[in-house]
Amino acid sequence: MRRSELRNDIHSAVPPMPESFMNAITTTLNDIAPITPSVAKDKPVMGRRRMLVYALAAMLLIGTAAAGALLKLNLFETTIGTTPTNAADFVKYDLANVKVGNADITVEEAAYDGMSLYVAYSIRDGSAAESLGILDEESGQQMLESLNVGSWSDSLWIDGDHISMPGMSSTISVGSETAGEIVFYHMYRLDQENVFLMGSDVEISLPIGERQEYGSLDINEDGVMSKPEQGVVTFSLDCTQTDQIQMIEPQIMMEGTRWSAQVSQYMISPLQMYVTLDWEINPDLMAAYIEENGDGFYQDGIKYYDYDGLEVVGREIMGLKLVDENGKPVYEGMEGRYGCGGASVSAAYYTFPYMETYPEHMYLAPLVEGQVDMTHAITLR
């Protein structure tokens, strides 16, 4: 399957909506799905699930706007599409408030589940008399530019250490019912940068204060940026509850005819279950695809990327379902909210809701003509 076909498949899953509503939903794509030879092998590409989460958020925005203004949204409903059972035990509130000129910047909510950092912060123009309602790109950008605040970098800092924007991270921005306020909901997949938070007083700094000039920043030759003295908003977060996490490494290989795979690990947190799948395409199938289609994608004689297994079996890998030993889905009605969040040429990443009790046996299994194929099921437990 070509990447263009994968993109079309994603777009077809999201119903069309007015441009003003689309502008209310922004996603951090630069580090999620860049289609360039230098990074395509290393970064997971975005899966259909995340796009559908944004579609669900858009529908929520539309319905709320009918009442005249947008209400503030739930941190987890916005970032992952549902509220985990144990969410109240993890979310911390009112973590920081900074005033920059006429701008009030407030870190309203944050949580960490051992893999992902969730943050909601607001920026309010203190001189505004009306709410922004449905937030379109132009009005939101004009407000932030006039205040000279807002996100000015894809970086963040943990205990002073620079962290690049992780793959599969996301952000949504909406106008609220409060006059002159924009609320930003972020989900940072810190595990994708091999960053894991521990302790009761983890310092987190976000580049959302006064906008900084690039030339004033201390950036070394590797692109690591020292935390600047200006332009950041810092708060502390208690991350001690991560001691409840269970990490399991099944590593049971499924040798398939088209591709082979194993669950290298899955992690059960009190908020979500995270599954990492290691996979590789059958070399003969890949060779046949290249022989028929060429070695990569060209446009006007320029090669943009090499073809790899995602072109051929990406839809199959990203469409794996979590089932029990009888092929019954572990979760009913969760399509579009959970499942594959992204895939690279050698790995795929899935999330599923937390459960008090999981089935004794669980598998990731492909669909063949709409039916679960247990002959190619990959063992979790």
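About the criteria used
- Residues numbered from 1 in each chain as written.
- Predicted model: local features only at pLDDT ≥ 70, side-chain atom pairs only at ≥ 80, totals over all residues.
- Heavy atoms only, no water.
- Helix = DSSP H or I, 4+ residues; strand = E, 2+ residues; numbered from the N terminus.
- Buried < 20%, exposed > 50% of the residue type's maximum accessible area, 1.4 Å probe, protein only.
- Contact = heavy atoms within 4.5 Å.
- Pairing = 2+ DSSP bridges.
- Polar contact = N/O pair within 3.5 Å; in protein donor to acceptor, adjacent residues only side chain to side chain.
- pLDDT = per-residue confidence, 0-100.
- Core = buried A, V, L, I, M, F, W, Y, C linked by side-chain atoms within 4.5 Å.
- Phe/Tyr/Trp six-rings, centres within 6.5 Å; stacked < 30°, edge-to-face > 60°.
- Salt bridge = Lys/Arg side-chain N within 4 Å of Asp/Glu carboxyl O.
- Axes fitted to C-alpha atoms, helices over the stretch in contact; angles between N-to-C directions.
- Arc of directions from axis to C-beta.

Peer 1: Would you mind showing me how to read the overall build of the protein chain here?
Peer 2: Scanning the protein chain from N- to C-terminus turns up seven helices and 22 strands. Going through the 381 residues of the protein chain one by one, you find that 51% of them count as buried. Excluding contacts between residues fewer than 6 apart, the proportion of contacts in the protein chain whose partners are at least 24 apart in sequence is 68%.

Peer 1: I tried to follow unusual backbone geometry on my own but got confused; where do I start?
Peer 2: Keep in mind that most residues, glycine aside, have a negative phi and that most peptide bonds are trans. The phi dihedral of Asp 94 is positive, around 50°, even though this residue is not glycine. If you trace the backbone, Asp 94 turns up in strand β2 (residues 92–100).

Peer 1: Explanation requested: the sheet that holds strand β19 (residues 363–365) in the structure shown.
Peer 2: Hydrogen bonds between backbone atoms are what pair the strands of a sheet, whose relative direction is either parallel or antiparallel. Across the sheet, three strands lie side by side as β16-β19-β22; this open sheet has antiparallel pairing. Looking at which strands have only one partner, the edges of the open sheet turn out to be β16 (321–323) and β22 (378–379). Pairing geometry for β19 and β22, over two bridges, is antiparallel. Residue Leu 364 lies in a different strand from β22, and its bridge partner there is Ile 378.

Peer 1: Help me understand the side chain of His 162 in this model?
Peer 2: With respect to the helices and strands, the residue His 162 is situated in strand β6 (residues 161–163). Looking at His 162, its side chain comes within polar contact range of the side chain of Ser 155, at 2.8 Å. When neighbours within four sequence positions are excluded, His 162 is seen to be in contact with Ser 155, Leu 156, Trp 157, Gly 223, Val 224 and Met 225.

Peer 1: I tried to follow the confidence of the model for the protein chain on my own but got confused; where do I start?
Peer 2: Any region with low pLDDT has predicted coordinates that should not be read closely. Averaged over all residues, the pLDDT of the protein chain is 82; the fraction at 70 or higher stands at 80%. Under a pLDDT of 50 for its full length, residues 1–43 has, in the predicted model, 99 contacts with residues more than four places off or in other chains. Low confidence marks residues 45–71, where pLDDT is under 50. Its contacts with residues over four positions away, or in another chain, come to 82 contacts.

Peer 1: How should helix α6 (residues 283–293) be read in this particular structure?
Peer 2: Since one α-helical turn is 3.6 residues long, residues separated by three or four positions face the same way. The N-terminus of α6 is capped by Asn 282, whose side-chain oxygen sits 2.8 Å from the backbone nitrogen of Asp 284. Phi turns positive one or two residues past the end of α6, at Gly 294, with a value near 95°.

Peer 1: Got a minute to help me understand the nonpolar core in this structure?
Peer 2: In summary, soluble globular proteins display a tendency toward joint burial of nonpolar side chains. Among the nonpolar cores identified, the biggest contains 54 residues, and Met 273, Leu 277, Tyr 350 and Leu 364 are the most heavily contacted of them. With residues up to four places along the chain from it excluded, the contact list for Leu 364 reads Val 263, Val 275, Leu 277, Leu 320, Lys 321, Leu 322, Tyr 350, Phe 352, His 376, Ala 377, Ile 378 and Leu 380.

Peer 1: Would you mind showing me how to read the side chain of Asp 308 here?
Peer 2: By the element assignment, Asp 308 lies in the loop between β15 (302–306) and α7 (309–318). Among the polar contacts listed, one links the side chain of Asp 308 to the backbone nitrogen of Leu 310, at a separation of 2.9 Å.

Peer 1: Could you clarify how one ought to interpret the packing of aromatic side chains in this entry?
Peer 2: What describes a pair of aromatic rings is the distance from one ring centre to the other and the angle between the planes of the rings. Summed over all chains, the structure comprises eight aromatic pairs. Residues Phe 297 and Tyr 304 carry aromatic rings whose centres are separated by 6.2 Å and whose planes lie at 50° to one another, so their mutual orientation is tilted. On the basis of relative accessible area, Phe 297 is assigned to the partly exposed category, the value being 27%. Relative accessible area serves as the criterion here: at 37%, Tyr 304 is assigned to the partly exposed category. When the centroid spacing of 6.0 Å and the interplanar angle of 5° are considered together, the rings of Tyr 331 and Phe 352 count as stacked.

Peer 1: Any chance you could explain the pattern of salt bridges here in plain terms?
Peer 2: Opposite charge on two side chains makes pairing possible when the charged atoms of those side chains draw close. Using the criterion set out here, one finds seven salt bridges in the structure. One salt bridge in this structure joins Arg 124 and Asp 104, with 2.8 Å as the shortest N-O distance. Of this pair, Arg 124 sits in strand β4 (residues 116–125) while Asp 104 sits in strand β3 (residues 103–112), and the two are 20 residues apart along the sequence. Looking at Asp 104, the relative accessible area reads 14%, which means it is buried. The closest approach of N and O atoms between Lys 303 and Asp 306, which form a salt bridge, is 2.5 Å. Assessed through its relative accessible area of 33%, Lys 303 is described here as partly exposed. Among the charged side chains, a network of salt bridges with common partners joins Lys 99, Asp 104 and Arg 124.

Peer 1: Sorry if this is basic, but what is going on with the sheet that holds β2 here?
Peer 2: Ordered in space as β2-β3-β4-β8-β7, the five strands form an open sheet in which the pairing is antiparallel. Each of the sheet's edge strands pairs with one partner strand only, and the pair in question is β2 and β7 (170–175). Direction aside, the axes of adjacent strands within the sheet are offset by 15° on average. Packing against the sheet, helix α5 (residues 137–147) makes contact with β3, β4 and β8 (181–189), and its axis sits at approximately 75° to β4.

Peer 1: What is the right way to look at α5 in this model?
Peer 2: When we look at burial in α5, the residues that qualify are Gly 140, Met 143, Leu 144 and Leu 147. Viewed end-on, α5 has its buried residues packed into an arc of 95°, placing them on one side of the element. Residues of α5 that are exposed and point over 90 degrees away from its buried face: Glu 137, Glu 138, Glu 145 and Ser 146. Trailing α5 by a residue or two, Asn 148 shows a phi angle of about 60°, which is positive.

Peer 1: Help me understand the environment of Val 195 in this model?
Peer 2: Following the sequence through the fold, Val 195 ends up in the loop between β8 and β9 (202–206). Counting along the chain gives 81 residues from Val 195 to Gly 114, while the straight-line C-alpha distance between them is 9.4 Å. Setting aside anything within four residues of it in sequence, one finds Val 195 in contact with Tyr 112, Ile 163 and Leu 190.

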